[in-house]
Amino acid sequence: MWPEQQPPGGNPPQQPNPHPQPNPYRQPGSQEPGPHPASREAPTVTAAQAGPPDGDRRTTVIAVTAAVAVVLAATVTGALLVLARSDDGAAPAPDTSSASASAAPSTTGNPRAGDGVQPTVPGWKAVVNADKGIAFDVPADWVPRSPDWVSYVADDSDPDGKPLVAMKAPAEFKQNWCADDPDRDGRVERTALASAGSRGNNGARSTEEIARADSEAWVYGAYTQPDRTKVTVGPVTSYTTASGLTGSLATAQSSGVPRTHKCDSDGRATTFAFRLPDGGFGSWSFVGAEGVKEEVPESVVRRILATVRLVDTGDS
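Residues numbered from 1 in each chain as written. Predicted model: local features only at pLDDT ≥ 70, side-chain atom pairs only at ≥ 80, totals over all residues. Heavy atoms only, no water.

1. Description of the packing of aromatic side chains
Taken as a whole and assessed by the stated rule, the structure comprises four aromatic pairs. On the numbers, 5.5 Å between centres and 20 degrees between planes, the contact of Trp142 with Phe173 is stacked. Pair noted here: Trp142 is in the loop between β5 (134-138) and β6 (143-144) and Phe173 is in strand β8 (residues 163-173), with a separation of 31 residues, a long-range link. Residue Trp142 shares its accessibility class with Phe173, and that shared class is buried. Between Phe272 and Phe274, the aromatic rings sit 5.1 Å apart at their centres with planes inclined by 40 degrees, giving tilted as the arrangement. In this structure Phe272 comes out as buried when scored by relative accessible area, which is 0%. (Phe/Tyr/Trp six-rings, centres within 6.5 Å; stacked < 30°, edge-to-face > 60°. Helix = DSSP H or I, 4+ residues; strand = E, 2+ residues; numbered from the N terminus. Buried < 20%, exposed > 50% of the residue type's maximum accessible area, 1.4 Å probe, protein only.)

2. Points about the pairing of strand β15 (residues 266-275)
Burial within β15 is extensive, with nine of its ten residues counted as buried. In this structure, β15 lies alongside strand β16 (residues 281-290), joined through ten bridges in antiparallel fashion. Opposite Thr270, over in β16, you have Phe286 as the bridge partner. Between the end of β15 and the start of β16, which pair antiparallel, lie five residues, with Gly279 showing a positive phi angle near 95 degrees. (Pairing = 2+ DSSP bridges.)

3. Overview of the pattern of salt bridges
Counted under the stated rule, the structure contains twelve salt bridges. Glu295 is the salt-bridge partner of Arg268, the closest N and O atoms lying 3.3 Å from each other. Placement of the pair is Arg268 in strand β15 and Glu295 in the loop between β16 and α3 (298-306), with a sequence separation of 27 residues. Here the salt bridges do not stand alone but share partners, grouping Arg268, Glu295, Glu298 and Arg302 into one network. (Salt bridge = Lys/Arg side-chain N within 4 Å of Asp/Glu carboxyl O.)

4. Quick notes on the sheet that holds strand β17 (residues 309-310)
Strands sit in the order β4-β5-β17 across an open sheet of three strands; the sheet is antiparallel. Two strands in the sheet have a free side with no partner beyond their single neighbour: β4 (125-129) and β17. Here β4 runs beside β5; their pairing, made up of five bridges, is antiparallel. From the neighbouring strand, Asn129 faces β5, where its bridge partner is Ile134.

Here it is in structure tokens:
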């Protein structure tokens with residue numbers, strides 16, 4: 001289940017750790033993941049759960065402030081997913097062949113918030129994780145969340161709801177793609193069709209490990225909980241983006257997820273992991289519903305992936 005996002009200043013939500021929460025794609029409102037669960041004591045984090053604590057799939061959306069932002073730098077092995085929806089359909093993704101290989105942002109705006117970083121694909125939007133200096137572009141009909149937004153998923157069996165995996169400052173496609181009240185408690189859970197974001201992976205041992213673990217955690221947490229046998233992870237391969245950023249890439253997907261509730265579906269996740277300038281690790285992930293009418297085509301996922309780059313935001 002996904003909690004509904006609330007403005008800062010409320011009671012902090014529990015968070016999941018290195019493994020996805022039940023159904024990260026099904027959320028009431030928007031969500032945000034982060035490389036590490038935010039502390040329950042963090043007074044500046046607020047989240048309202050949408051759905052029963054023991055629901056089939058649990059996702060958490062939180063507004064993260066400076067106190068919680070530190071958590072995002074930690075490694076998360078679980079999965080978190082936030083999906084957004086726009087009223088119109090997905091527009092054809094521009095060809096990234098003309099994208100600039102330069103990762104340098106413009107000199108305007110507030111660097112510490114990622115302002116001024118321009119998209120490398122004409123007509124697209126730049127999405128920036130200012131804390132880690134990671135940027136990527138998304139089609140015009142995707143909706144970028146605020147710079148301190150974190151989406152994540154937790155395991156339904158974890159009473160503390162620790163994040164399994166998360167992303168910071170993500171962008172979502174069709175945020176209200178599906179709405180349902182599976183536990184009949186009067187609170188509607190809204191599921192986004194797809195989401196993409198980045199995070200730091202402190203404590204990881206290799207890019208290969210991150211690509212495999214994070215992609216698997218996203219699918220488990222967002223779609224197959226509590227059944228891990230329905231998740232399949234493909235081979236880990238080397239990958240280089242248009243900017244020359246190299247790392248490891250892996251895609252996980254589910255098969256045979258029971259359609260118990262209206263928003264249930266199979267899903268897939270792709271994670272690209274790489275080294276950061278400070279010697280640590282970072283990663284970018286896409287998570288989305290699969291086998292549904294409006295699913296994001298693999299060609300679009302690859303076009304977004306090709307734009308992943310490192311930028312100087314003043315914080316990274």
